[in-house]
Amino acid sequence: MSELTGAEVEALFAKIDTDGDGEIRLRELRDYGQANDASIQGVRLADFVRGADTDGDRRITLAEFRSYFA
């Protein structure tokens with residue numbers, strides 16, 4: 001996985017968060033994954049969700065997304 005700058009992390013989050021509500025839902029991840037070989041920056045989506053969704057609510061906030069890529 002390549003290192004991302006803060007601006008790149010935010011841009012990637014915005015790209016995946018298609019409804020713009022500030023949370024990435026599993027549906028949005030699925031849609032992004034279908035267009036991107038089922039990965040985010042080379043990490044499989046299933047592994048990404050397990051690592052990024054720290055509170056287990058099946059949604060990834062920008063804070064969780066940032067923490068994952070920190």
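Notes on the structure follow. (Residues numbered from 1 in each chain as written. Predicted model: local features only at pLDDT ≥ 70, side-chain atom pairs only at ≥ 80, totals over all residues. Heavy atoms only, no water.)

### Focus on helix 4 (residues 62–69)
So the rule is basically this: The cut-offs for exposure are 20% and 50% of the maximum accessible area for each residue type, with area from a 1.4 Å probe on protein chains only; residues under the lower value are buried, those over the upper are exposed, and the others partly exposed. By the criteria applied, helices consist of DSSP H or I runs no shorter than four residues and strands consist of E runs no shorter than two, each listed in order from the N terminus. What the arc measures is the spread of directions leading from the helix axis to the C-beta atoms. We call two residues in contact whenever any of their non-hydrogen atoms come within 4.5 Å of each other.
Buried residues of helix 4: Glu 64, Phe 65 and Phe 69, and no others. Projection of helix 4 onto a plane perpendicular to its axis shows the buried side chains occupying an angular sector of 125°, all on one side. Structurally, helix 4 contributes buried residues whose contacts are with helix 1 (6–16), strand 1 (23–25), strand 2 (39–40), helix 3 (45–52) and strand 4 (59–61).

### Considerations on the packing of aromatic side chains
Definition in use: For Phe, Tyr and Trp, rings pair up if their centres lie within 6.5 Å, where Trp contributes its six-membered ring, and each pair is then called stacked (planes under 30 degrees apart), edge-to-face (over 60) or tilted (otherwise).
Using the criterion set out here, one finds six aromatic pairs in the structure. Ring geometry for Phe 48 versus Phe 65: centroids 5.7 Å apart, planes at 75°, classification edge-to-face. With Phe 48 in helix 3 and Phe 65 in helix 4, this pair connects stretches of sequence that are 17 residues apart. Ring centres of Tyr 68 and Phe 69 lie 5.1 Å apart, and the angle between their planes is 85°; this geometry places the pair in the edge-to-face category. The exposure class of Phe 69 is buried, given its relative accessible area of 11%.

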